[in-house]
Amino acid sequence: MRGHAGPRPGDEPITTRLTPKIILMAKGIEKENFFSDEFPDKDSYRLIYRMWGNHQRMEFQNKNMGYLEIVKETSKSKIEFKVRKVIVNFHNLTQTITATLLCENDDIITPLSYDYSSRITDNALCTRPDLSLDRSGCIEDGYVIEKIKGKEYKRQYESPLVFDFTVYDLVVSGKEYGPFTYYENLYSFKPGNRLMNLTSESTLGNHKFKMMVQYGTGLTERIFHISSAGLPVMMVQNSAVYILDEDAPNAIGKLQEELNTGGVHYEY
Amino acid sequence: MNTKPNILVICTDQQHHGAISAMGNPYVKTPGLDRIYSKGTVYTNAYSTNPVCGPARSSIMTGRMPCETGVYNNGFNIRHGIPHLGQWFTGHGYNSVLAGKWHLRANSTSVIDGFDVIMTKVNIQANVSDTCLTSSVEAYLRNYDDEKPFLMMAMYIQPHDICGFVNYFRDEEDMLYDVPEDELPELPPNFHAEPDEPERFKKFKSRIPSSAGNWSEAKWRRYLWNYYRYVEGVDCEINRLLDVLDDTGLADNTIVVFMSDHGENTANHRTALKTTFYNESCRVPLAIKKPGIVSSETITAPVSLTDIFPTLCSFADIETPSEMTGINISEGNFDRKGVIIENYNGSGRAYVTEKYKYIAFNDDDKHQLFDLEKDPFETENLLSGNGFKEIAEELHEKMIAAFDPLETAECIPKEYRWTD
């Protein structure tokens, strides 16, 4: 299980292109149910993934954390990624991030432009305008031209922008768990801390996942094992994401039941 | 018209003083912190007042030792009557804002008298919490339109997740991924050192599986590798904050102060986590970057987290509270030979100079003395033999003299009060 040697701290930063399989692996353990190398071969599609957080029996309301919606319409040649993420902490300070990333419908889903908004409400559920932030931008010739509060900034384009703003809770390893697909939730997708491509050696049938992960500035290949009980047996950051199948009956109730009866999966 | 500087305090949690690439560490890359260290005043002998989150933070917030604040361990409030930074700066014309970890009694809270709390620790993993912190601070700074200056406390949680790592990966087989050998940090030169240690420290080591001998050297190196990744995670956040200051022009009138509440043992003396008197646990990174300064300077004199409060007051040109243990270290010409440290609920104490560290316990006759100049990795307890008694006695007297004027908080139980 020797990992692949990646660049060490100090080496050139790694950039990767956005592909379906590094956005999400979803819905079920069967390999064919995971995203293949390409997005669905259809003129139009709309894929919606909902996310729930799991930490300390969900008693602190850090649930309903949002969704990722991937849309391609026949009338448009582009693909849109719409993201909504809600974090409610245990003092009812709430951050809601909504973002749309427009990409080319090419092999590498090249990012073109984005809109992002962050809203924070206080514990009286009032939105604080002084903590609201909107930003938008486009990618041209290797640079990001970003607008914030009417001012324009030109920055080097270093990584897929979807990582830069919001999808920082999704994905890593998945396992069908009752009606859920269970995801380990490890990395913040942000500059310098990015998820890398799943390798072609993913062997889901053997209860192993192998992924290339950039963690900080280090790059490593990680192998995730699934225990005989059907749970990932390793957890670095102590939380998880459940993605419910759309057609799973009583899915939310089942999730809560599992958490209540099964207890905390990962104690901090 | 605001003529006073804004102050941005960035505090990480459990960051080893050398876990910064600008300090020459080859195993970590911290472009964010390097921006502060390359153009700031770097304090290479900065010490926590107690290598535990709550007590150390009570000192940052008040300029007083934990025995004074009453926060002798996690889970306690600052004693009534001692003002904290938020109250003090708000009372002196600043907008005082806090985002992130508080940890004075409660780990986090959205209501702190004197502070506008814009984001607390989110009850999920640290990097999500830290990301929320950055985006809330970023929004606040980009929207800032007030004539009053601000004191912004950005209290990050990483690399504290190393605690979860140590607790979770108890056994070798839990390490389900492999890092190539040549990527793993080397073990420190004092990995095998056990310099005639007091019982208190041996007990601590026996309680955590890593230190109790359950980890192989390979696993220790993987723990180090992970620790540095956590550091890089929070460095990404810090880099974002510094970008915001530059984008908005606030950098021209904002002093940036960076520190950690305590260190991390990082395999030194075959130990993880904190709670020891060794330098890896007690020393903290500390750097201050002022606008317009283009080169760095290094201060080697010992300083303490109690010095943060009066130093910030000097930046703001406001008085300090009448009772203050720390001193202003902004000019670098302060006259102090040593700093004091508490530990183990206050039943252990230490006195540190540039040359020596002396450690004593209430309940253990075995004391320790290290020559930090000759033995920076603290491998030899000079009190093991018959020598150095006079030096130890002299340092003991200085330690007692430094603690003596401090008013011990009444809430501290008798068993945790120092008896000499």
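Remember, predicted model here, so these are calculated numbers, not experimental data.

*Asks:* What should I look at first to understand the overall build of chain B in this one?
*Replies:* The helix and strand tally for chain B stands at 12 helices and 15 strands. Expected size for 420 residues packed as a compact globule is a radius of gyration near 22 Å; at 21 Å, chain B falls within 12% of this value. Seen through its principal axes, chain B has C-alpha atoms that stretch 65 × 55 × 40 Å. Counting the 420 residues in chain B, one finds 57% classified as buried. Considering only contacts in chain B between residues 6 or more positions apart, those separated by 24 or more positions represent 68%.

*Asks:* Where do I start with the overall build of chain A in this structure?
*Replies:* Looking only at helices and strands, chain A features 3 helices and 14 strands. Residues counted as buried form 39% of the 268 residues belonging to chain A.

*Asks:* Honestly, unusual backbone geometry in this entry has me stumped. Any pointers?
*Replies:* Peptide bonds are trans in most cases, and residues, glycine excluded, mostly fall at negative phi. Residue and element names in this part refer to chain B. Backbone torsion omega between Gln158 and Pro159 reads 5 degrees, so that peptide bond is classified as cis. Here Pro159 is to be found in the loop between strand S6 (150-155) and helix H6 (162-168). In this structure, Thr266 takes a positive phi of about 45 degrees despite not being glycine. Within the secondary structure, Thr266 sits in the loop between strand S7 (254-260) and helix H10 (279-282). Backbone geometry places Thr275, a non-glycine residue, at a positive phi of 65 degrees. One can find Thr275 in the loop between S7 and H10.

*Asks:* Please explain the nonpolar core as it appears in this structure.
*Replies:* Side chains of a nonpolar character, in soluble globular proteins, are inclined to be buried together. Ranked by internal contacts, the top residues of the largest apolar core, which has 121 residues, are Val97 and Ala154 of chain B. Looking at which element gives the most residues to this core, the answer is helix H9 (residues 217-248) of chain B, with 14 residues. Ignoring sequence-local partners within four residues, the contact set of Ala154 of chain B consists of Leu8, Val9, Ile10, Ala99, Gly100, Leu133, Val137 and Leu241 of chain B. Formed by 8 residues, the second largest nonpolar core is a distinct cluster that contains Phe81, Leu101, Cys103 and Tyr114 of chain A.

*Asks:* What exactly am I supposed to notice about helix H2 (residues 53-62) of chain B here?
*Replies:* Structural remark: α-helix, 3.6 residues per turn; residues separated by three or four positions point the same way. All names here are of chain B. By the criterion of burial, H2 is predominantly enclosed, with 10 of the 10 residues buried. Listed in full, the buried residues belonging to H2 are Cys53, Gly54, Pro55, Ala56, Arg57, Ser58, Ser59, Ile60, Met61 and Thr62. Along its buried surface, H2 packs onto strand S1 (6-12), helix H3 (66-69), helix H4 (85-91), helix H11 (308-316) and strand S12 (338-343). Looking one or two residues past H2, Gly63 carries a phi angle of roughly 75 degrees, positive in sign.

*Asks:* When you look at the sheet that holds S7 of chain B in this model, what are you seeing that I'm missing?
*Replies:* Whenever strands of a sheet pair, they do so through backbone hydrogen bonds, lying parallel or antiparallel. Residues and elements named next belong to chain B. Strand order across the open sheet formed by 8 strands is S5-S4-S6-S1-S7-S9-S2-S10, with mixed pairing between neighbours. Here the strands that pair on one side only, and so sit at the sheet edges, are strand S5 (116-120) and strand S10 (297-299). Strand-to-strand, the axes of this sheet are offset by a mean angle of 15 degrees, without reference to chain direction. Two strands pair when backbone bridges link them, and S1 and S7 are joined in this way by 7 bridges, in the parallel orientation. Note on S7: the bridge partner recorded for Cys11 is Met259.

*Asks:* Any chance you could explain the confidence of the model for chain A here in plain terms?
*Replies:* For residues with low pLDDT, the predicted coordinates do not support detailed interpretation. Of the residues in chain A, 24% reach a pLDDT of 70 or more, and the chain-wide mean stands at 50. Ignoring residues within four places in sequence, the model shows residues 1-38 of chain A, a span with pLDDT below 50, making 79 contacts including any to other chains.

*Asks:* I keep staring at the pairing of S1 of chain B and nothing clicks. Help me out?
*Replies:* Residues in a regular strand project their side chains so that they alternate between the two faces of the sheet. All names here are of chain B. Most of S1 sits out of view: 7 of its 7 residues are buried. Taking every second residue as pointing to the same face, both faces of S1 are buried, with Asn6, Leu8, Ile10 and Thr12 on one and Ile7, Val9 and Cys11 on the other. As defined by bridge partners, S1 adjoins S6 across 5 bridges and the pair is classed as parallel. In the strand pairing of S6, Ile7 is matched with Leu151.

*Asks:* Any chance you could explain the pairing of S7 of chain B here in plain terms?
*Replies:* For S7 of chain B, a buried count of 7 out of 7 residues is recorded, marking the element as mostly surrounded by other parts of the structure. Residues of S7 of chain B alternate between two faces, with Thr254, Val256, Phe258 and Ser260 of chain B on one and Ile255, Val257 and Met259 of chain B on the opposite face, all of them buried.

*Asks:* Explain the packing of helix H1 (residues 31-38) of chain B against H9 of chain B to me, please; I cannot follow it from the model alone.
*Replies:* All names here are of chain B. Contact geometry of H1 with H9 gives a least axis separation of 6 Å together with a crossing angle of 55 degrees. Classed by the angle they form, the pair H1 and H9 counts as oblique. On H9, the residues that touch Pro31, Gly32, Leu33 and Arg35 of H1 are Asp235, Cys236, Ile238, Asn239 and Leu242. Partitioning the contact of H1 with H9 into residue classes produces 5 nonpolar, 2 polar and 2 charged.

*Asks:* Looking at this structure, I do not really get the sheet that holds strand S11 (residues 303-304) of chain B. What am I missing?
*Replies:* Residue and element names in this part refer to chain B. Strand order in the open sheet formed by 3 strands is S8-S3-S11, and the pairing between neighbours is mixed. The open sheet has two edge strands with one neighbour each: strand S8 (283-284) and S11. In this structure, strand S3 (residues 46-47) lies alongside S11, joined through 2 bridges in parallel fashion. Within the sheet, the bridge partner assigned to Ala46 lies in S11 and is Val303.

Rules used throughout
- Residues numbered from 1 in each chain as written.
- Chains lettered and ligands numbered in written order.
- Predicted model: local features only at pLDDT ≥ 70, side-chain atom pairs only at ≥ 80, totals over all residues.
- Helix = DSSP H or I, 4+ residues; strand = E, 2+ residues; numbered from the N terminus.
- Rg over C-alpha atoms; globule rule 2.2 N^0.38 Å.
- Buried ≥ 20, exposed ≤ 12 C-beta atoms within 10 Å, placed from the backbone.
- Contact = placed C-beta atoms within 7 Å.
- Core = buried A, V, L, I, M, F, W, Y, C linked by C-beta atoms within 7 Å.
- Pairing = 2+ DSSP bridges.
- Axes fitted to C-alpha atoms, helices over the stretch in contact; angles between N-to-C directions.
- pLDDT = per-residue confidence, 0-100.
- Parallel < 35°, antiparallel > 145°, perpendicular 65-115°, else oblique.
- Nonpolar A, V, L, I, M, F, W, Y, C, P; charged D, E, K, R; others polar.

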